[in-house]
Amino acid sequence: MSTAAARRLEPSPRLPDLDAVLPGLTQVFAATAGRHDREASFPFANFQALHEAGLLALTAPKRLGGLESDLPTALKVVSAVARGEPATALVLVMQYLFHASVEGRSGWPEHLKQRVIGDAIDHGALINALRVEPDLGTPARGGLPATIARRTPEGWRISGRKIYSTGSSALTWFVVWARSDDADPLVGGWLVRADSPGVVIEETWDHLGLRASASHDVVFEDVLVPLDHALDPQPPGAPPPYSAVFGTWSSVLTAAIYDAVARSARDWLADFLLARRPANLGASLSTLPRFQEALGEIDGLLLANRVLLDSAAKGDTAASESGLVKHLVTENAITVVEKALKLTGNPGLTRANPLERHHRDVLCGRVHTPQADVVLTGAGRAAFASREDIGAEAAP
């Protein structure tokens, strides 16, 4: 009997008691976050803890042994992890997105679905897409990848370079965005094991924020993969191989990382203001109306974030508005941390204090797709189109 068949005969896995598990994970991850940031070292122990807690296959289909949790549950887990260490949360988001969408990807052979999900359950294996390239930039803005998949009798041979490959050092599986060598090339993802001959990780990641994410360059030097590892290649410009729901999941979970960073910054600020007792005041800074008002403004921004994220996660926000949710939550989070810095002055910018790290981390929220100009331009066009339609209907 195959491992996948045996797993189907086992009792369905049960979701851990998140209220009991998550606070401890947040605390443990936060205790080493500063060290991983300073060293730019990957938090392998965090993922071992997540594996032991049964959370690495949270969104994977039940028929493959996963928990098949919904978006509000994934949001809860990602937020708690990011409160402790946001680079860990970013890698985890990539895992959750792939697992949640694997059933809808027709190009994935059944045995590969079973293998990828089974590896996560049994061994804590991680997966992520490698898409960005030195000359192309982000694929969301168009263009063909320079990474080539050549069809040979023994399989595909993949050659190219990927940059900003989040989690590279810890991944078991890469989904490599490439184009075939056909006269009319197909573009899509090729599934590659990270330990395949010809895969080289160059440790180039030296970033302002999320320094623990191991987003290094990955070089593919004539890497051989089986023919059925071409997952969903399509002609250039074809619709993506996943539904619009995937965009909502991506926007909500990505934004949740930076909302969590802002909440950590808020808590540090509140504790700092309570503890700071200038000699000329004779009381803590928290007693001054100026600081009370500022913390109230911060809590208002975080309340808006919570409402936006919860609404989108529950499906109360249109899928077409998910990009706006990501943009608004991210900008609110950045504003929260910048307000905290303005209030604290030198202590907030001192490396010994976590607020300085939170500031560097939260700025990374603007990098992720969809980016602000795309979101806002799209929203503006939709608004004008809606008004034109109303005008046409009202015309005599």
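Residues numbered from 1 in each chain as written. Predicted model: local features only at pLDDT ≥ 70, side-chain atom pairs only at ≥ 80, totals over all residues. Heavy atoms only, no water.

Quick notes on the pattern of salt bridges
For the structure on display, the rule yields 24 salt bridges. The closest approach of N and O atoms between E39 and R35, which form a salt bridge, is 3.6 Å. Note that E39 and R35 are positioned in helix α2 (residues 18-39) at a spacing of 4 residues, about one turn of the helix. Take R35: its relative accessible area is 35%, and that puts it in the partly exposed class. (Salt bridge = Lys/Arg side-chain N within 4 Å of Asp/Glu carboxyl O. Helix = DSSP H or I, 4+ residues; strand = E, 2+ residues; numbered from the N terminus. Buried < 20%, exposed > 50% of the residue type's maximum accessible area, 1.4 Å probe, protein only.)

Some details on the domain arrangement of the chain
Split by domain assignment, the chain resolves into domain 1 (18-126), domain 2 (130-234) and domain 3 (244-384). Just the C-alpha atoms count here: the centres of domain 1 and domain 3 sit 23 Å apart. Domain 1 puts 23 residues into the contact, and the matching count from domain 3 is 23 residues. Surface buried jointly by domain 1 and domain 3 totals about 1900 Å² across both partners, of which 75% is contributed by carbon and sulfur atoms. When the buried surface of domain 1 facing domain 3 is broken down by residue, L71, L75 and R83 rank first, second and third, together holding 35% of it. On inspection of domain 1 and its partner domain 3, the count reaches 2 salt bridges. Residue R360 is joined to D37 by a salt bridge in which the shortest nitrogen-to-oxygen separation is 2.7 Å. Summed over the shared surface of domain 1 and domain 3, the result is 3 residue pairs in polar contact (both at pLDDT 80 or more). When residues of the side of domain 1 that touches domain 3 are traced back to their parent elements, those giving at least two are α2, α4 (71-84) and α5 (86-101). (Domains from an automatic or database assignment. Contact = heavy atoms within 4.5 Å. Buried area = accessible area lost by both parts, 1.4 Å probe. Polar contact = N/O pair within 3.5 Å; in protein donor to acceptor, adjacent residues only side chain to side chain.)

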